[in-house]
Amino acid sequence: VSVSTGAFTTAGGAGIAKNLNVGGAAALAGNLTIGGSTTLSGAISVSNLTDSVSSLTGAITTSGGVGIAKAVHVGTDASIGGVLSVGGNSEFTGITSITNGTDSSSTSTGSLITLGGVGIAKAINVGTTATIGTDLVVNGTTTLAGVQTVSNTTNSTASSNGSIVTAGGVGV
């Protein structure tokens, strides 16, 4: 960038009251400040390599929001300081960790809360107590280790009622 060559050069500033049309490339040696809205029709490339460690750092920063109409690809980590709202379906292809350690005491507490069901295709491991609010349906063989306590005290008056009912035999 040279400020001393060209058909028009000035040692001072230049004020332009109307439009500025440039037929070729424009090179700026200093900062560019734009006071109004800006529309760019070509791709934007930023060669600054400053990594971001907060919302105030990085090669591109803005004091306002960002609206993006198409896909976004992030090469490394993404950090969200507030609520993440996702309007459509989400896919997580790597291991997903939730590091919040809030314990659950109801269906509306804990570090992971969902209003819908959960489908799990493989094994599930629960580190402490699992509370089931209504029926527990188990398809397949069930192995229970440790002492089993049935707190239901319904008396049996037939083979179809009581605190434990089975359609098959019982091996003791």
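What comes next concerns the included structure. In every chain, residue numbers begin from 1 and rise along the written sequence. Note on the predicted model: pLDDT of at least 70 is required for a residue's local features to be given, and 80 or more for side-chain atom pairs to be given and counted; whole-chain, interface and lining totals, by contrast, use all residues. Excluded from the side-chain calculations are hydrogens and water; all other atoms, namely the structure's heavy atoms, are used.

## Let's talk about the overall build of the protein
Now for step 1: Helix and strand counts for the protein come out as 0 helices and 0 strands.
Now for step 2: Values of the radius of gyration come from C-alpha atoms, whereas the globule rule sets the reference at 2.2 Å times the count of residues to the power 0.38. For 172 residues, the compact-globule estimate of 2.2 N^0.38 gives 16 Å, and the C-alpha radius of gyration of the protein, at 33 Å, exceeds that figure by more than 25%.
Now for step 3: For the protein, the C-alpha atoms occupy an extent of roughly 105 × 25 × 25 Å along the three principal directions.
Now for step 4: We call two residues in contact when some of their heavy atoms are within 4.5 Å. In the protein, the proportion of contacts linking residues at least 24 apart, taken out of those at least 6 apart, comes to 10%.
Now for step 5: Carbon and sulfur atoms make up 52% of the accessible area of the protein, which totals about 16,900 Å². Secondary structure is summarised from DSSP: a helix means a run of H or I of at least four residues, a strand means a run of E of at least two, and numbering begins at the N terminus for each. Only the protein chains shown count as covering a residue, and every accessible area follows the Shrake-Rupley method with a 1.4 Å probe.

## Topic: a nonpolar patch on the surface
Now for step 1: A cluster of nonpolar side chains, contributed by Leu 40, Ile 44, Val 46 and Ile 60, occupies part of the molecular surface with about 430 Å² of accessible area.
Now for step 2: Exposure classes here rest on a 1.4 Å probe applied to the protein chains alone. A residue is buried below 20% of its type maximum, exposed above 50%, and partly exposed in between. Take Val 46: its relative accessible area is 39%, and that puts it in the partly exposed class. Each patch is built from residues that are more than 30% exposed by relative accessible area and take part in no salt bridge. Like charges join if they lie within 9 Å; nonpolar side chains (Val, Leu, Ile, Met, Phe, Trp, Tyr) join within 5 Å. Should a side-chain nitrogen of Lys or Arg be within 4 Å of a carboxyl oxygen of Asp or Glu, the pair is scored as a salt bridge.

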